[in-house]
Amino acid sequence: MGSLQTGRQESYEEQRMEEGYRNPTQVQMSQLILPCHTQHGEELSVGQLLKWMDITACLSAERHALCPCVTVSVDDIDFEHSLSVGQIVNIRAKVNRAFNTSMEVGIVTSCEDVASGRQWRVCKAFATFVAKKTGCEKVQLKPVVPRTSEEQVEYSVAAERRRMRLGHIEAMKDLLSTISEQDVALDTDECQGAVPGSSTRAESTELVLPPHANHQGYTFGGQIMAWMEGVAAIAARRFCKAPATLRTIEMFYFRGPSQVGDRISLKAIVNNAFKNSFEVGVCAEAETYVEGWEGKRHINSAFMTFMVMEPDGQLRSFPRVQPDPGDGERRFREASARKKIRLDRKYIISCKQTERPLSVPFLPSNQVYLSYNNVYALKMLAAKRRWVLSSTRNKVRLFTLEDHEFLSFKIEMSVSVRARLAFRLLTDLRRRHEWDSHYRHCELIQKVDEEDFIYHVISPSISKGSRMQDFVLLASQREPCDTGDPYVVAFRSVSLAAVPPSEEYVRGEVLCAGFALWPESGDRTRITYYNQATPGVLPYITTDIAGLSAHFCCAFEACNAFLEQNKESVSPTREQ
């Protein structure tokens, strides 16, 4: 009881500290939506909103860097609601983490209705900025020091989001390689009602003036995005013959800067149409005119998904798009691939814990997002506050957490093994049976890449006479991105065509489990194991938690012995 009271007291003190704390990089902007900010139907132009979001994020980045900053990229944005004249837009931005020369800025946009007093979230976005002093290369940034639990979570997950950004292009290439020409071809009936993609083309040219640029004369990223949204809206209008609402923007990536005096050429076209949505692709090129030379360079591409809401509240259905030969067919295929990735990502990230099945198919289209969500879920579980110390035995501590209808636990111990060596030993699940009796047998099914592996695990039967249980687990391992980060090994269930459920075993599912390894002084490492118990796992652990038995502690004492015995046998470059 004393440990519980101490934990609660620490939680209260932390909460009071957080209430009086303001992040030094945080910037807030509030804007009243006026008629000049709107487009059709008195709705706020998304381009105008993107400008406000970019300016707010840039100011936050500059507070941290103490020098001018430019936008490098903006992650996918889903707009949950539209905004109207008379409402107030509130935008809050702060730096989540700084890497060597780039930083991630988190942006939260909400809407406020003054008449009713209601507030609701419009979107959440993550932008990447780099600092550039006049006439200099990129600036080496100072690290961000997270102070609150929320900042610690965002700081930790920012490294995983950065990894996902870098893998986005490769994921697209892999998926496109699986889409055949038959996916482009339309049958006779579809061709009769199809809209030629060429009929939706829209072009525009903008001159970059001083009000469009920052302190160094570079065009604001938000201004480029606003121009791109404007020409995309024209292409959308030509396709659906009605005002369309922008719902989703795929990642913006700025390939190069533009500056005052440049001409920005913008081109948009409808790439593909689906049942209730369609994708518009936009390209932005900059032209610089100097004496004796005229150049054009690609600075950005974006893909925007539009929908049309009918007066009765239903979404409009759209005809197919007839792509032009060559590039049109390529854009058609890529739009299908992006839609698949988008739907897979939404399912993975939004899947509720009470839904079954918890495991989702492991496919080339979603492997980047499954890996990201695997590590993200473990870090979110670790960041929860209400852990209660249930038992201590031989310096192995067992904590529990009751969260809605789920029971989670963590086990914490300190070992006399360097973190990197412990990480190498614990990442290979084929050896886990040497210390964990719940792992009867484990086989490596697929090496996805250097950080992600899929295993087939056989566990003993839950009760006498019942079938043994098996799991198909994605193991995602991460080395520290920076000083102060832990080594992470995260596990979650996936489904794989190569390992279908069989009558020999009862297929179990792991929602969220894994290790976090923190280097301590000398050669010691603090190891924390987490598991969010699903019905398939719960029978193994209920007795241990409810009865406070010594089984868990014995298992991790065996883990300690396993690490001690093998710390000299781990080669510097172990191959899975």
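Residues numbered from 1 in each chain as written. Predicted model: local features only at pLDDT ≥ 70, side-chain atom pairs only at ≥ 80, totals over all residues. Heavy atoms only, no water.

### Considerations on the nonpolar core
Proteins that are soluble and globular tend to have nonpolar side chains buried together. Counting 74 residues, the largest nonpolar core has Met103, Phe252, Phe278, Val280 and Met304 as its most contacted members. Ranked by residues supplied to this core, first place goes to helix H5 (residues 221-240) with ten residues. Not counting chain neighbours up to four residues away, the residues in contact with Met103 comprise Ala61, His64, Ala65, Cys69, Val95, Arg97, Ala98, Ala127, Thr128, Phe129 and Leu141. Phe409, Phe423, Cys553 and Ala555 belong to the second-largest nonpolar core, a separate cluster that totals 39 residues. (Core = buried A, V, L, I, M, F, W, Y, C linked by side-chain atoms within 4.5 Å. Buried < 20%, exposed > 50% of the residue type's maximum accessible area, 1.4 Å probe, protein only. Helix = DSSP H or I, 4+ residues; strand = E, 2+ residues; numbered from the N terminus. Contact = heavy atoms within 4.5 Å.)

### A look at the confidence of the model for the chain
Here the chain averages 82 in pLDDT, and 82% of its residues register 70 or above. Overall, residues 350-357 carries pLDDT values under 50, and its contacts beyond four positions in sequence, including any with other chains, amount to 13 contacts. pLDDT under 50 marks residues 535-549. Its contacts with residues more than four places away, or in other chains, come to 30 contacts. (pLDDT = per-residue confidence, 0-100.)

### A look at unusual backbone geometry
The phi angle at Lys241 is positive, at roughly 55°, despite the residue not being glycine. The topology assignment puts Lys241 in the loop between H5 and strand S9 (245-249). With a relative accessible area of 69%, Lys241 lands in the exposed category. Positive phi is not limited to glycine here, since Asn394 has a value of about 50°. Classification of Asn394 as exposed rests on a relative accessible area of 57%.

### A look at helix H8 (residues 419-427)
Helical periodicity: at 3.6 residues per turn, an α-helix aligns residues three or four positions apart in one direction. Taken across its nine residues, H8 has eight buried, putting it largely inside the fold. Those residues of H8 that fall on the buried side of the exposure criterion are Ala419, Leu421, Ala422, Phe423, Arg424, Leu425, Leu426 and Thr427.

### A look at the sheet that holds strand S6 (residues 119-131)
One open sheet holds the six strands; their spatial order is S1-S4-S5-S6-S2-S10, and the pairing between them is antiparallel. Lying at the two open borders of the sheet, with one neighbouring strand each, are strand S1 (27-32) and strand S10 (252-253). Relative to strand S4 (residues 88-98), S1 is paired through six bridges, and the arrangement is antiparallel. Counterpart to Gln28 in the pairing with S4 is Arg92. (Pairing = 2+ DSSP bridges.)

### Remarks on the pairing of strand S24 (residues 512-519)
Within a regular strand, the side chains alternate between the two sheet faces. Among the eight residues in S24, six count as buried, and that is most of the element. The pairing of strand S22 (residues 487-495) with S24 spans five bridges and is classified as antiparallel. Bridge pairing in S24 links Val488 to Ala516.

### A few points about the environment of Ala302
Topologically, Ala302 is positioned in strand S13 (residues 293-307). On the basis of relative accessibility, which here comes to 0%, the residue Ala302 falls in the buried class. Among all residues touching Ala302, those that are not within four sequence positions of it are Met228, Phe252, Val280, Gly281 and Val282.

### Looking at the packing of aromatic side chains
By the definition in use, this model includes 13 aromatic pairs. On the basis of an interplanar angle of 40° and a centroid distance of 5.6 Å, the ring pair of Tyr529 and Phe556 is categorised as tilted. Here the residue Tyr529 occupies a position in strand S25 (residues 525-533), and Phe556 occupies one in helix H10 (residues 551-566), the gap between them amounting to 27 residues. Assigned by exposure class, Tyr529 and Phe556 land together as buried. Over the face of the ring belonging to Phe399 we find Lys410, whose NZ or CZ atom lies 4.7 Å from the ring centre. (Phe/Tyr/Trp six-rings, centres within 6.5 Å; stacked < 30°, edge-to-face > 60°. Lys NZ or Arg CZ within 6 Å of the ring centre and 35° of its normal.)

### Notes on H5
Look at H5: 28 Å from first C-alpha to last across 20 residues, which is about the 28 Å you get at 1.5 Å a residue. Among the 20 residues that make up H5, 15 are buried, leaving the element largely enclosed by the rest of the structure. (Expected span 1.5 Å × (residues − 1).)

### Considerations on the pattern of salt bridges
Considering all chains together, one arrives at 29 salt bridges under this definition. Its salt-bridge partner being Glu160, residue Arg163 comes within 3.9 Å of it at the nearest N-O pair. Linking Arg163 with Glu160, this pair stays in helix H3 (residues 149-176), spanning three residues, or about one helical turn. Taking the relative accessible area as the measure of exposure, Glu160 reaches 4% and is therefore buried. Of the charged contacts in the structure, one is a salt bridge between Glu279 and Arg338, with a shortest N-O distance of 2.8 Å. Taken together, the positions of Glu279 in strand S12 (residues 278-290) and Arg338 in helix H6 (residues 327-350) put the pair 59 residues apart, joining distant regions of the chain. One salt-bridge network, held together by shared partners, links Glu160, Arg163, Asp449, Glu451, Asp452 and Arg478. (Salt bridge = Lys/Arg side-chain N within 4 Å of Asp/Glu carboxyl O.)

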